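Notes for the structure review
Each chain, written out:
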Amino acid sequence: MNFKSWAPLGAIALAIASMTSAHAADKSVAVTAIVEHPALDAVRDGVQAALKDAGFEAGKNLKWQYQSAQGNTGTAAQIARKFVGDKPDAIVAIATPSAQAVVASTKTVPVVFSAVTDPVAAKLVASWEPSKTNVTGVSDLLALDKQMDLVKQVVPGAKRIGMVYNPGEANSVVVVKELQKLLPSLGMTLVEAAAPRSVDVGSAARSLIGKVDVIYTNTDNNVVSAYESLVKVGQDAKIPLVASDTDSVKRGAVAAYGINYRDLGEQTGRMVARILKGEAAGSIKPEVSTKMELFVNPGAAEKQGVKLSDALVKSAAQVVQ
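For clarity, every value in this text was computed on a predicted model and none was experimentally measured.

1. Looking at the sheet that holds strand 9 (residues 241-245)
The strand order 7-6-8-9-10-12-13 describes an open sheet built from 7 strands, whose pairing is mixed. Lying at the two open borders of the sheet, with one neighbouring strand each, are strand 7 (189-194) and strand 13 (318-319). In this sheet, strand 12 (residues 292-296) lies alongside strand 10 (residues 255-259) in antiparallel orientation, the contact comprising 5 bridges. Looking across to strand 12, one finds that Gly258 is bridged to Glu293. Sheet strands in contact with helix 9 (residues 227-237) are strand 6 (160-165), strand 8 (214-217) and strand 9, and its direction is about 155 degrees off that of strand 9.

2. Re the nonpolar core
In this structure, Leu51, Val154, Leu179 and Tyr216 are the most contacted members of the largest nonpolar core, which totals 81 residues. The biggest single contributor to this core is helix 11 (residues 261-276), with 7 residues. Setting aside residues up to four positions removed in sequence, Val154 forms contacts with Pro240, Val242, Val254, Ala255, Val306, Leu308 and Leu312. Of all hydrophobic cores here, the second largest spans 23 residues; its members include Ala205, Leu230, Val233 and Val249.

3. A few points about the pairing of strand 8
What you see with strand 8 is no split at all: Val214 and Tyr216 on one side and Ile215 and Thr217 on the other are buried throughout. Summarising the sheet, strand 6 and strand 8 pair through 2 bridges and their orientation is parallel. Each bridged residue has a counterpart across the sheet, and for Gly162 the counterpart in strand 8 is Ile215. Both strand 8 and strand 9 contribute to a ladder of 3 bridges, which runs parallel. In the sheet register, Ile215 faces strand 9, and the bridge partner there is Leu241.

4. Remarks on the layout of surface pockets
In this structure, the largest pocket spans a volume of roughly 240 Å³. In this structure, the largest pocket is lined by 18 residues; those nearest its centre are Ile34, Gly71, Thr73, Pro97 and Asn166. Contributing elements (two or more residues each) for the lining of the largest pocket: helix 3 (73-86), helix 4 (96-105) and helix 8 (221-225). Classifying every residue of the lining of the largest pocket gives 7 nonpolar, 9 polar and 2 charged. In terms of domain composition, the lining of the largest pocket takes at least three residues from each of domain 1 (27-141 + 261-290) and domain 2 (144-259 + 293-319). Within this model, the second largest pocket holds a volume of roughly 190 Å³. Around the second largest pocket sit 14 residues that line it, and Thr117, Leu141, Leu142, Leu144 and Val175 are the ones nearest its centre. Per-element tally for the lining of the second largest pocket: the top contributor is helix 6 (residues 170-182), with 3 residues. Among the residues making up the lining of the second largest pocket, the classes are represented as 7 nonpolar, 4 polar and 3 charged. Both domains that meet at the lining of the second largest pocket, namely domain 1 (27-141 + 261-290) and domain 2 (144-259 + 293-319), each give it at least three residues.

5. Side note on the sheet that holds strand 5 (residues 135-139)
With parallel pairing, the 6 strands of this open sheet are ordered in space as 2-1-3-4-5-11. Sheet topology places strand 2 (62-68) and strand 11 (287-288) at the edges, where each strand pairs with a single neighbour. Bridge count for strand 1 (residues 27-33) against strand 2 is 7 bridges, and the pairing is parallel. The residue bridging Val31 from the neighbouring strand is Tyr66, located in strand 2. The strands touched by helix 3 within the sheet are strand 1, strand 2 and strand 3 (90-94), with strand 2 carrying the most contacts at an inclination of about 165 degrees.

What counts and how
- Residues numbered from 1 in each chain as written.
- Predicted model: local features only at pLDDT ≥ 70, side-chain atom pairs only at ≥ 80, totals over all residues.
- Heavy atoms only, no water.
- Pairing = 2+ DSSP bridges.
- Helix = DSSP H or I, 4+ residues; strand = E, 2+ residues; numbered from the N terminus.
- Contact = heavy atoms within 4.5 Å.
- Axes fitted to C-alpha atoms, helices over the stretch in contact; angles between N-to-C directions.
- Core = buried A, V, L, I, M, F, W, Y, C linked by side-chain atoms within 4.5 Å.
- Buried < 20%, exposed > 50% of the residue type's maximum accessible area, 1.4 Å probe, protein only.
- 1 Å grid on protein atoms, 1.4 Å probe; cavity = no way out; pocket = protein on both sides within 12 Å on 5 of 7 lines; lining within 4 Å.
- Points joined across faces, edges and corners; volume = space filled by probe spheres on them.
- Nonpolar A, V, L, I, M, F, W, Y, C, P; charged D, E, K, R; others polar.
- Domains from an automatic or database assignment.

Shown next as structure tokens:
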């Protein structure tokens, strides 16, 4: 066969390649997180898995991009502006600081927040009803009374509850305010220690030695990203750590009754898929993750000076060894 007879086939092949290339960019999703740590990484991976289940696969019919702000709010703002300029079909913003940066940067590109404790207090949405704006998402809001029930099971006589947190992170401020209201009714008091940066977590925890019976950790991103420094203080000073995210138990917390962040990511991903299929973000009501799990770590408990009851260990969804 001569070259000329191949020409039409070559043209067809080029056309098919062009169509395939165009198809590979059918939809685009940009994902950003304030920092990388196990819980937020699990959210990201859950989003991608749920999108694939919904028929949107990176490299085939979905353009997927991800950037972490590495704990820097200035970088979060830069990423937000960059992503808005890319004009994706949706931006997923993981954790409160990243969500605030993205929402401040656009009124048109659909934004889906995830792992935000209180989106109303963070001023991402006006209420828990459909926003009628470009914003919706999934919260990791926890019932703090159940968190304190777990504290009592770990340390039955606990009266003074320590908490290390970043006062610049809206979701942590919300938790502090709620605990200040709740704890007196339980015969407890809150002792706070500020950690404006992740490098401050260890020293903030050490400031609680001799002042608290237990340290409770919420999903503060500075704290979670530097959790090992908190664990060291807990072990050295025999202060048990009770967490609100189950991934922290694998890193040395005694126990956590919290959200499975992979599930939270998948819930978020299903919401993003609805937007990619044509629903307006502002017509979708913000959601709260409802799947809670108890993780315990008897080895960490021993190192931090407490012994978990057999009943508590038996009731756990996972016992970390």
